[in-house]
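# Breakdown of the fold
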Amino acid sequence: MASTFFGLNIARSGLFASQRALNVVSHNVANADTKGYSRQRLETTQYTPLALAGGEGQLGTGVETNTIHQIRNEFLDFKFRDENSIQGEWEFKKEMFSAIEAIFNEPSDSGIIKATNQFFSALQEFSKSPDNLTTRALVRQRAIALTEGMSRVFGQLKDAQKNIDFEIDTTVAQINGYAKEIATYNKLIHETEVDGGVANDIRDQRALVVDKLSSLVDVQAYEDTVKLRDGSFGKRFNVTVMGMPLVSHYQTNTLDTYKRRTKLHPDDAENVLELRWTHNNKKIASFNSNSGKVSALLDMRDGDKEVNKGIPYYIDKLNNYVNRVFGELNRIHMNGYGLKDALGNNSHGIMMFTMDGKDTANFETDLKNKGLTTIDAAGFSLTGAQEMSTLTADINTTLADFATASITADQRDDRIASLIRKEIAQQNNLLKAKFEKYNDDHPDQQKTFVPKTIMRFSDDKYYLVDQISCDRFKISADVDLDLNKFAAATDSDKTPGDNSNALDLVNMRSNQAMFAWGSPDDYVNSLVSNLGVDSEAATKVVKNQKILVNEVENRRQSVMGVSLDEEMSEMIKFQHSYSANARVLTAMDELLDVIVNRMGLVGR
Amino acid sequence: MRITNTMINNNLLFSVQNNLERMSNNMKHLNSGKMVNKPSDNPIATAKILRYNTDLSEVEQYKKNVRDATSNLEITETSIAEVGDLVQRARELAVQAANGTNSPEDLQKIGHELEQLTEHLVTAGNFNFAGRYIFSGYNTDQPLLNADGSLNPTLNVENKTANQVDNLKILVGTREEIAYSAHGIQVFGEAQDFDIVKFDATSGQPLKDAGGNLIKETKKFPALIGQMRQFANALRAGEKDSPNKFLELVDNSIDNLLVVRADVGARINRLELVNQRLSDNNMSFTELLSKAQDTDMAAEIMTFKNSENIYRAALSTGAKVIQPTLLDFLR
């Protein structure tokens, strides 16, 4: 027979269990809106029952509270972080593409297309009255506006690159901060859980930090069980980035920045930051990440290929455009003659645009002396510009054909443009092979090959030269100081009315063979609409990714989120349970009352 | 699926955000009147818009060019007409002079009038419009003729035929050039040597050599002016056979004038056609540009209203779903 107070004890265990469960409900309700909180449940089991003698079975002894555990699905956490990483990457790319769109500012009345239109209009006016200084001044003004427009776009692109670099620095600091935070939580959790408990709330906070981290880099987080020094087993939490440990239990590796010494791209900002993994200030590995904001930052800062379009890609395209178009304008302009001066002499062989606005003679000397970087077995060297004698000969043949009127002016221009394009492609293949050989021979100092795109005409010969940054193109000192030097005439004797060279300058605009993308106008149009396509694509990815992240987050919330209705019904359940236990206790109390106060009173 | 409060909140926020974004796009289209404000709004339309804008700016420029060329050609035509009238008058005088009944004084007077006509012709040949000599080809800063009507040597056209001289050219379309001037050599004929009787500057009498023959000097003149000058001087000097000689020659020049005038007229006509075409181009480019770029207000307002309805629906269902909880029904 059980003890008299046995029933009291059962009721008491029920009371305590209900009360504890109500506390858990209360905690859930209180944290219903806490970010990263996962709902908790109290787990209860029956006490070990009392075996009754004589095969009567077992008598229950009440309820026991075991653990308060959290309801959370780790798979969904992984899924969330994967998608969040991709979203973090494209959010930034989208933002950057919008910024580049804003820099190009097309279609508008103030972009470079408008400046180009106005420049060519000025050339047309110039062709109508080449004898008029007003139209010459107009050409000068519009040419300056065009070069300024180009440098503005170029400068803003470079600024954008610098800003990205700055953002890399702050993002890296953020990543390291999160890593430290995770390590601190690891310690706290480990210490709390030494006695076998589960640190639900701290785990939630740690998971939240990993979630935040996942938008910056491509992270993998996992917990493994290891044997501790005292022989017991403990859990260790690790965070890795592309297999490289960022946090390992109490330890962290640091993502470190250092200055890049050799520019990847000639127009890159000075001393941009490279990333590497360090531990105690010692380099352990180089950094890479497939997704996350950092990878977007690096892509946008350094991307110069069709598959990975970043700022350098657009700078390159712009440089290519300006070098080719200004080069061609120069070539035509050098064929012409300016107005006669007081002595009856007229200028010839004058460039319209030069580097830094030098005069033609100085610029040509520069070109020939400085030349371009080439590569040979010994390494990199700066040689004089390479003369393309075959090209010069081919073009001279074309010009001769034109002179004997066997081809039209259109055919001449097309043929020259495609000859130049072909030669550039050929030279690039040769150079690229040399670079590849160099990189194979020197695995420790890889060099990036930047294709040459410029054939410059000087001294009646063609030279392959390095591209000139488009912000350095200014109107040449010759024409800037003397409007008479704008060359409208192709015949020195026919000034001032001869406008055939001015017409050639205007016609250059419709030279379809100039670029693989067509005429100069087509080139800019294609560039801008391709930018639009990329920006639109980024916007779409972000939109889709948002839906995806929202979906995963909803699935996660479906599991770990607090439902107030559910908590209320739980609350009522435990409230009733508490009351019922109290009622049982009262019943037991009454039993005792009967025993103590009223039993055995018969006959008194 | 278990639905939690956070999920409802998230979903509500997500859809409200989406709707707001859609409405903000509608608003941008309505406010700016443009469907494409940046390339990513519609990359294909952007390419078109940029193309049409460039085309339009070119067409505008070509229209300006046509206007300038037309006015230049009209001035040229007027001048040629004036020259035609002068030559016609000279021809009448020559016919009159060829009449045997004229006294030497009459012939003198006719000679003087011819002299004046020639002077006038020189003025016409050196006509200067907006600072440019219209008959001097590329040498717009040089008069065609010297004061006596002989060819200005700096023009370098003494040995050029009418086909070899240069005329000012203008672009009226992509690589479509049109000449918008007539060269003096074309109007007045190619340069020839003419023997001109010399006159004494003070007495106004023809100079004679010891044998009593008239002294003549040989100069390069454009045919028509040379003929006039030669005839006028000869008549004043009293050369009897000069009217017939002049009449023989001048008819060719008159024919030539008519041909040049017809050519100029034809070019004006062509420019009118070009202008018509450019106006058509302008209109169609503007229309295409508008189609690619401008907001269809009616359609946009419809979609805006639609977005607004969805937005309202999202808000009102959201408000209704969020509000009640079990709490509302607990005592």
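Residues numbered from 1 in each chain as written. Chains lettered and ligands numbered in written order. Predicted model: local features only at pLDDT ≥ 70, side-chain atom pairs only at ≥ 80, totals over all residues. Heavy atoms only, no water.

### Examining the overall build of chain A
This is how it is decided: Only DSSP runs of H or I with at least four residues qualify as helices, and only runs of E with at least two residues qualify as strands; both kinds are numbered from the N terminus onward. The rule is simple: take the accessible area with a 1.4 Å probe, protein chains only, and divide by the maximum for that residue type; under 20% is buried, over 50% is exposed, in between is partly exposed. Contacts are residue-level and defined by heavy atoms, with any inter-residue pair within 4.5 Å sufficient. Only the protein chains shown count as cover for residues, and the accessible areas themselves come from Shrake-Rupley with a 1.4 Å probe. In this tally, Lys and Arg are treated as positive and Asp and Glu as negative; His is ignored, and so are the chain termini. Where a charge lies is defined by one atom per residue type, namely NZ (Lys), CZ (Arg), CG (Asp) and CD (Glu).
Counting secondary structure elements, chain A contains 14 helices and 22 strands. Considered along the principal axes of its C-alpha atoms, chain A spans approximately 155 × 50 × 40 Å. Scored against the burial criterion, the 604 residues of chain A give a buried share of 49%. Sequence separation of at least 24 residues holds for 66% of the intrachain contacts in chain A that already meet a minimum separation of 6. For chain A, the computed accessible surface area is about 28100 Å², with 51% contributed by carbon and sulfur atoms. A gap of 3 Å separates the mean positions of the 70 positive and 84 negative side-chain charges of chain A.

### Things to note about the sheet that holds strand S7 (residues 244-248) of chain A
All names here are of chain A. In plain terms, the rule: One requirement defines pairing of two strands: DSSP has to find at least two bridges between them.
The 4 strands lie next to each other as S5-S6-S7-S8, forming an open sheet whose pairing is antiparallel. Single-partner strands in this sheet number two, and they are strand S5 (219-227) and strand S8 (251-252). Where S5 and strand S6 (residues 233-241) come together, 9 bridges link them in antiparallel fashion. Directly across from Val226, in S6, lies its bridge partner Gly234.

### Some points on the packing of helix H3 (residues 104-125) of chain B against helix H5 (residues 223-237) of chain B
Residues and elements named next belong to chain B. Note the following rule: Note on geometry: axes are lines fitted to C-alpha atoms, helical ones only across the stretch in contact, with angles between N-to-C directions running from 0 to 180 degrees. These descriptions rest on fixed angle ranges, namely under 35 degrees for roughly parallel, over 145 for roughly antiparallel, 65 to 115 for roughly perpendicular, and the rest for oblique. Here is the rule for handedness: rotate from the far helix to the near one, and if that takes an anticlockwise turn smaller than a right angle the crossing is left-handed, while a clockwise turn gives right-handed. Under this grouping Gly is polar, as are all residues other than the nonpolar Ala, Val, Leu, Ile, Met, Phe, Trp, Tyr, Cys and Pro and the charged Asp, Glu, Lys and Arg.
The interhelical angle for the contact between H3 and H5, taken along N-to-C directions, is 155 degrees, at an axis separation of 8 Å. Taken as axis vectors, H3 and H5 run roughly antiparallel relative to one another. Seen from above, H3 lies across H5 with left-handed handedness. Contacts between H3 and H5 involve Leu107, Gln108, Ile110, Gly111, His112, Leu114, Glu115, Leu117, Thr118, Glu119, Leu121 and Val122 from the former and Leu224, Ile225, Met228, Arg229, Phe231, Ala232, Asn233, Leu235 and Arg236 from the latter. Residues belonging to the contact of H3 with H5 are distributed by class as follows: 12 nonpolar, 5 polar and 4 charged.

### Notes on the interface of chain A and chain B
For interface size, the figure often reported is the accessible area lost on association. Keep this limit in mind: Take the accessible area each of two parts loses on contact, using a 1.4 Å probe, and add the two losses: that sum is the buried area. Should a side-chain nitrogen of Lys or Arg be within 4 Å of a carboxyl oxygen of Asp or Glu, the pair is scored as a salt bridge. Throughout this description, a polar contact denotes any pair of N or O atoms lying within 3.5 Å of each other; where both atoms belong to protein, one of them has to be capable of donating a hydrogen while the other can accept it, and for residues adjacent in sequence the pair is counted only when both atoms sit in side chains.
Contacts between the two partners involve 60 residues from chain A and, on the opposite side, 48 residues from chain B. Both faces considered, chain A and chain B share a buried interface measuring about 4700 Å² in area, 50% of it formed by carbon and sulfur atoms. On the chain A side of the contact with chain B, A:Pro107, A:Gln124 and A:Lys128 bury the most area, a combined 14% of that side's loss. Counting across the chain A and chain B interface gives 7 salt bridges. The salt bridge involving A:Lys128 is made with B:Asp68; its shortest N-O contact spans 2.6 Å. Applying the counting criterion to the chain A and chain B interface returns 25 residue pairs in polar contact (both at pLDDT 80 or more). Listing elements by their share of the side of chain A that touches chain B, those giving two or more residues are helix H3 (112-128), helix H10 (409-441), helix H12 (500-507), helix H13 (520-560) and helix H14 (564-598) of chain A.

### Some remarks on unusual backbone geometry
All names here are of chain A. A cis geometry characterises the amide bond from Glu106 onward to Pro107, with omega recorded as -10 degrees. Within the secondary structure, Pro107 sits in the loop between helix H2 (74-104) and H3. Unlike most non-glycine residues, Asn281 shows phi in positive territory, near 65 degrees. Take Asn281: it is sitting in the loop between strand S10 (273-279) and strand S11 (282-286). Asn281 sits in the exposed class, given a relative accessible area of 78%.

### Describing the sheet that holds S11(A)
All names here are of chain A. Pairing in this open sheet of 3 strands is antiparallel, and the strands run S9-S10-S11 from one edge to the other. Edge positions in the sheet fall to strand S9 (254-259) and S11, since each of these pairs with one other strand and no more. Direction aside, the axes of adjacent strands within the sheet are offset by 50 degrees on average. Alignment of S9 against S10, held across 6 bridges, turns out to be antiparallel. Bridged to Asp256 within S10 is Arg276. The sheet strands contacting helix H4 (residues 133-192) are S9 and S10, and the helix crosses S9 at an angle near 155 degrees.

### Concerning the pattern of salt bridges
Side chains carrying opposite charge are able to pair once their charged atoms draw close together. What the rule picks out here adds up to 61 salt bridges over all chains. Note that A:Glu167 and A:Lys293 form a salt bridge whose closest N and O atoms lie 2.8 Å from each other. Of the two residues, A:Glu167 sits in helix H4 while A:Lys293 sits in helix H6 (residues 293-302), which places them 126 residues apart along the sequence. Between B:Asp166 and A:Lys494 there is a salt bridge, with the nearest N and O atoms lying 2.7 Å from each other. Here A:Lys494 lies in the loop between helix H11 (477-481) and H12 and B:Asp166 lies in the loop between strand S2 (132-133) and strand S3 (169-173), a pairing that spans two chains. Look at the salt bridges and you will find they share partners, linking A:Arg39, A:Arg41, A:Glu566, A:Glu567, A:Glu570, A:Lys573 and B:Arg2 into a network.

### Looking at the domain arrangement of chain A
For the record, the criterion: Segment limits for the domains were obtained from an automatic or database-derived domain assignment.
As far as domains go, chain A holds domain 1 (6-71 + 565-598), domain 2 (76-81 + 170-308) and domain 3 (101-161 + 319-543). Centre-to-centre separation of domain 2 of chain A and domain 3 of chain A, based on C-alpha positions: 47 Å.

### Some words on the packing of helix H1 (residues 6-30) of chain A against H14(A)
All names here are of chain A. For the pair H1 and H14, the least separation of the axes is 8 Å and the interaxial angle reads 160 degrees. With respect to their mutual orientation, H1 and H14 come out roughly antiparallel. The handedness of the crossing between H1 and H14 comes out as left-handed. Looking at the contact of H1 with H14, its residues break down into 17 nonpolar, 8 polar and 3 charged.

### What to know about the environment of A:Lys305
Residues and elements named next belong to chain A. By secondary structure assignment, the location of Lys305 is in strand S12 (residues 304-305). Looking at Lys305, the relative accessible area reads 48%, which means it is partly exposed. The spatial distance from the C-alpha of Lys305 to the C-alpha of Glu74 is 38 Å, given a sequence separation of 231 residues. Within the structure, the side chain of Lys305 is placed 3.2 Å from the side chain of Asp304, a separation counted as a polar contact.

### Quick look at the packing of aromatic side chains
Stated formally: Two rings belonging to Phe, Tyr or Trp (six-membered ring only in the last case) form a pair when the distance between their centres is within 6.5 Å. Interplanar angles under 30 degrees mark stacking, angles over 60 mark edge-to-face geometry, and anything in between is tilted. Consider the ring centre and the ring normal. A charge sits over the ring if Lys NZ or Arg CZ is within 6 Å of that centre and within 35 degrees of that normal.
Counted under the stated rule, the structure contains 16 aromatic pairs over all chains. Where A:Tyr321 meets A:Phe515, the ring centres are 6.2 Å apart and the plane angle is 20 degrees; that geometry is what we call stacked. A residue pair is termed long-range when its members are at least 10 positions apart, and A:Tyr321 in helix H7 (residues 311-335) and A:Phe515 in the loop between H12 and H13 qualify at 194 residues. Given the relative accessible area of 4%, A:Tyr321 is considered buried. Judged by its relative accessible area of 4%, A:Phe515 is buried. Members of the aromatic cluster, joined through ring pairs, are A:Phe119, A:Phe120, A:Phe326, A:Phe353 and A:Phe473. Over the aromatic face of A:Tyr250 sits the side chain of A:Lys187, whose NZ or CZ is 5.7 Å from the ring centroid. Against the face of B:Phe199 rests B:Arg236, its NZ or CZ located 3.9 Å from the ring centre.

### A few points about the nonpolar core
Residues and elements named next belong to chain A. Worth spelling out the cut-off: For the purposes of this section, nonpolar cores are sets of buried Ala, Val, Leu, Ile, Met, Phe, Trp, Tyr and Cys residues that join through side-chain atoms within 4.5 Å.
By size, the foremost hydrophobic cluster in this structure holds 164 residues, and its most contacted members are Phe119, Leu157 and Val239. Shared between two domains, this core holds at least three residues of each, these being domain 2 (76-81 + 170-308) and domain 3 (101-161 + 319-543). Residue contacts for Leu157: discarding those within four places in its chain leaves Ile100, Ile103, Phe104, Ile311, Tyr314, Ile315 and Leu318. Counting 9 residues, the second-largest nonpolar core is a separate cluster that includes Met388, Ile395, Tyr462 and Leu464.

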